[in-house]
Amino acid sequence: MPSLNELVRRHTTLTGADVEWLHLLVSEWQLLSDLSFADLVLWIPTWDGIRYVSVAQMRPNTGPTSYHDDMVGHLVPRGRRPLLDAAFDEGRIVREGDPEWREEVPVRVESIPVRREGRVLGVIARNTNLLTVRTPSRLELTYLQSASDLAQMIAAGTFPYPGEQADMDAAPRVGDGLIRLDMDGVVTYASPNALSAYHRIGLSTDLVGSHLGRTTAELVPPSRGAVHEALVKMASGWAPRQTEVEAQGGVVTLRTIPLKPKDVLTGSLVLCRDVTELRRRDRELMTKDATIREIHHRVKNNLQTVAALLRLQSRRMDSDAGRAALDEAVRRVGSIAIVHETLSQALDEKVAFDEIADRVLAMCVELSQDGRVAARRTGSFGILSAEISTPLAMILTEVLQNALEHAFGPSASGNLEVSALRGRAPASGAGWSESWNGGARPDEYLLITVQDDGKGVPEGFDPQQSGNLGLQIVRTLVTGELGGTFDMVAAPGGGTKVVLEIPVP
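Residues numbered from 1 in each chain as written. Predicted model: local features only at pLDDT ≥ 70, side-chain atom pairs only at ≥ 80, totals over all residues. Heavy atoms only, no water.

(A) Structural detail: the overall build of the protein. When helices and strands are counted, the protein shows 14 helices and 18 strands. Computed over its C-alpha atoms, the radius of gyration of the protein comes to 34 Å, more than 25% above the 23 Å expected for a compact globule of 505 residues. When the backbone C-alpha atoms are referred to their principal axes, the protein occupies close to 95 × 60 × 40 Å. For the protein, restricting intrachain contacts to residue pairs at least 6 apart in sequence, the fraction spanning at least 24 positions comes to 62%. Both charge centroids of the protein, one from 53 positive and one from 65 negative side chains, sit 3 Å from each other. (Helix = DSSP H or I, 4+ residues; strand = E, 2+ residues; numbered from the N terminus. Rg over C-alpha atoms; globule rule 2.2 N^0.38 Å. Contact = heavy atoms within 4.5 Å. Lys, Arg positive; Asp, Glu negative; His and termini not counted. Charge placed at Lys NZ, Arg CZ, Asp CG, Glu CD.)

(B) Highlighting the pairing of strand 8 (residues 187-190). Looking at chain direction, strand 7 (residues 178-182) and strand 8 are connected through three bridges and run antiparallel. By the bridge assignment for strand 8, leucine 181 is matched with valine 187. The hairpin formed by strand 7 and strand 8 contains four residues between the paired strands, and glycine 185 there has a positive phi angle of roughly 85°. (Pairing = 2+ DSSP bridges.)

(C) Spatial organisation of unusual backbone geometry. Of the consecutive residues phenylalanine 159 and proline 160, the connecting peptide bond is found in the cis state with omega at 5°. Looking at the secondary structure, you find proline 160 in the loop between helix 5 (138-156) and strand 7. A positive phi angle, near 50°, is found at glutamate 117, a position not held by glycine. As for its placement among the helices and strands, glutamate 117 is situated in the loop between strand 5 (105-116) and strand 6 (119-129).

(D) Spatial organisation of the packing of helix 10 (residues 320-345) against helix 12 (residues 386-406). At a closest axis distance of 9 Å, the pairing of helix 10 and helix 12 adopts a crossing angle of 145°. When you trace helix 10 past helix 12, the crossing you get is right-handed. Between helix 10 and helix 12, the contacting residues are Glu328, Arg331, Arg332, Ser335, Ile336, Val339 and Leu343 on the first element and Ala386, Ser389, Thr390, Ala393, Met394, Thr397, Glu398, Gln401 and Glu405 on the second. Among the residues forming the contact of helix 10 with helix 12, the class breakdown is six nonpolar, five polar and five charged. (Axes fitted to C-alpha atoms, helices over the stretch in contact; angles between N-to-C directions. Left-handed = near helix turned anticlockwise from the far one by under 90°. Nonpolar A, V, L, I, M, F, W, Y, C, P; charged D, E, K, R; others polar.)

(E) Expanded view of the packing of aromatic side chains. Considering all chains together, one arrives at four aromatic pairs under this definition. An angle of 25° between the planes, with centres 5.6 Å apart, marks the rings of phenylalanine 37 and tyrosine 143 as stacked. Of the two residues, phenylalanine 37 is situated in the loop between helix 3 (30-36) and strand 1 (39-45) and tyrosine 143 in helix 5; the sequence distance between them amounts to 106 residues. The buried category is assigned to phenylalanine 37, whose relative accessible area is 16%. When the centroid spacing of 5.9 Å and the interplanar angle of 90° are considered together, the rings of phenylalanine 159 and tyrosine 161 count as edge-to-face. Taking relative accessible area as the criterion, phenylalanine 159 reaches 5% and is therefore assigned buried. (Phe/Tyr/Trp six-rings, centres within 6.5 Å; stacked < 30°, edge-to-face > 60°. Buried < 20%, exposed > 50% of the residue type's maximum accessible area, 1.4 Å probe, protein only.)

(F) Spotlight on the sheet that holds strand 11 (residues 267-274). Judged by pairing direction, the sheet is antiparallel, and its five strands sit side by side in the order 8-7-11-10-9 without closing on themselves. Every interior strand has two partners, whereas the edge strands, strand 8 and strand 9 (241-247), have only one. Here the strands of the sheet are splayed against their neighbours by 25° on average, with no regard to which way each runs. Sheet analysis places strand 10 (residues 250-259) next to strand 11, joined by eight bridges and oriented antiparallel. Bridge pairing in strand 11 links valine 252 to aspartate 274. Packing against the sheet, helix 9 (residues 276-315) makes contact with strand 9, strand 10 and strand 11, and its axis sits at approximately 125° to strand 10.

(G) Highlighting the side chain of threonine 12. Along the chain, threonine 12 turns up in the loop between helix 1 (4-11) and helix 2 (16-28). At 2.7 Å, the side chain of threonine 12 forms a polar contact with the backbone oxygen of valine 8. A polar contact is formed between the side chain of threonine 12 and the backbone nitrogen of leucine 14, at a distance of 3.4 Å. When near neighbours in sequence (up to four residues on either side) are disregarded, threonine 12 contacts Leu7, Ile44, Pro45, Trp47 and Val53. (Polar contact = N/O pair within 3.5 Å; in protein donor to acceptor, adjacent residues only side chain to side chain.)

(H) Local environment of the sheet that holds strand 6. Read across the open sheet, the six strands follow the order 3-2-1-6-5-4; overall the sheet is antiparallel. Of all the strands in the sheet, the pair left with one neighbour each is strand 3 (75-77) and strand 4 (100-102). This sheet shows a mean twist of 40° between the axes of neighbouring strands, independent of strand direction. Strand direction decides the pairing type here: strand 4 and strand 5, joined by three bridges, are antiparallel. In the strand pairing of strand 5, glutamate 100 is matched with valine 107. With respect to the sheet, helix 1 is in contact with strand 1, strand 2 (51-58) and strand 3, its orientation differing from that of strand 2 by roughly 175°. Each of strand 5 and strand 6 touches helix 5; the most contacted strand, strand 5, lies at about 40° to it.

(I) Molecular detail of the nonpolar core. Residues Phe353, Phe381 and Leu400 are the most contacted members of the largest nonpolar core, which totals 51 residues. In terms of residues, this core owes the most to one element, helix 12, which gives eleven residues. Leu22, Trp29, Met58 and Leu150 belong to the second largest nonpolar core, which has 43 residues in total. (Core = buried A, V, L, I, M, F, W, Y, C linked by side-chain atoms within 4.5 Å.)

Written out as C-alpha cells, the structure reads:
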C-alpha cells in the first residue's frame, strides 16, 4: 500500500509544509475517530482538480467500522461525492444528506475540511456505522460533543497543535479514561476509567464539580511551589501538555487538549491512563540493568587486579620464557577486561565491537613492538552480543600477538591490518566477499582478516595442527565456542593472512 508521501507526491501539488501538517493531523486523528465512533478517510484533490485521492484512513477503536476494505490510494472524480465538493469548495463542515447504504449497512457521511493557514488542503470524510444506533449514554454524548469541537478546530485550522505533538505510543487513548472540563478547569464529566485512575492515586471522592488542577496537585506529595503551580495549570487544561502524576503508589499519565471550536476556549479534554504496572516493570528492568552493569564493572576491576598481579610477578621473574608467558597472560586478561568495561557502560548485553577491536589492537602493538609496527583497522564489526564479544576479543588478541611475535624480527618494522566484513554469505572462506552480495545463505556472518607484511608462513606449516598455545586457543574458541572457521595462509605479496569466519545469530 503506498504511503501518504508517495500519494501526495504522485497526485497533488501540495508543498512540504502542507504535507507535514497532514502528517501531524494523521498522527492525532485516532482521537477524533474514537470520539466520533466513526471511520475517517482523508481525501486530497489531485493536481488537475478533477479528482480526489485518498491518502490516509483510520478506523475507530470504540465502534464498528464502515469500511471493510482499505481506501488508501482510491481515486474518485469530482461530482460523485457532493459532500466532498461542498466541504472543499465552501470550507465548512457538511452534514446534509441521507445515510448511505453499504452492504446493507446504513452509514452517515460527513465531510470536514482540513485547513492550514487559511487554505483548504483536503477533506476528511467521517463515516459512522448506524447499524447499532441506540439512545446514547452520558459518556457517548460527551464523546460526540468533544468530537464536534475537534472537527470545528480542524476546519478552522487550529488543530492539531503545532509543536505539541504527543508521544502517541505512550499517550493515553480515549478508552483509557476521559475527563471533560469547562473553561474554568472544573470537571463536568469523568468516565468510569478516568475515575478509577484517579482512585489509584488516592482520590476518595467524585471528580465531577471539582477543579481538576487543584485536585490533582493536592494528591501529589508536597514539593516545591513552582512544581505544584505548574501541575495545577497543566491539569486545568490551559495548554496542550502531557505529564505523569505519581501518588499513593500509583502512576497516571495525563494529556490535556484545550478545545477552541470558534477560536475561543470553551473547555478542555483530559485523557488519562493508569500506568502503575507499566512503571513498576520499567523500574524493575532499570534495577536489573543497573545490577548487570555493576557486575560487569566489578568483573572488570577484578580482571585488572589479576593483570596487575601478573605484571608484578613478571617483573620478579629471572627467566625470559617465564616473563614472556606472564606478559601473554596479562594481554589475555586485559582483552577480556576491555569487553566487561564496555558492557558496564552499555544499556544492554550488546556492544559496538569496533571500539573493543581498536583498544585490543592498540594494546597489543604498544606492549609488543614499541610502536615500530603500523597497525590499523578497516571495515566494521557492528553490534555483537556479550556471548560473542568476549571470546572474539580473546581470539583477536591471540592472532595479533602471534603476528607481532612471529612476523617481524626484534628490530623490524612493518604493517598490520585488521579488516571486518559483515553480511549474509555462504561459509566459503576464500571468495566470501564475492558471494556476500548475492545473499546465498540466510545466516549472517562476520569475516575477519588479520594481514601482515612480515616473514610469511613457514614451509610445511599447518595452522589446524601446528602452532603455539595462542593458536590452540584461537582454534578452540573459533570452532568450538563460536562455531566458525579459522585458516592461516600466505598473503599476496608476502606476509601472512589469518582468515576468521564467524556466524552471527
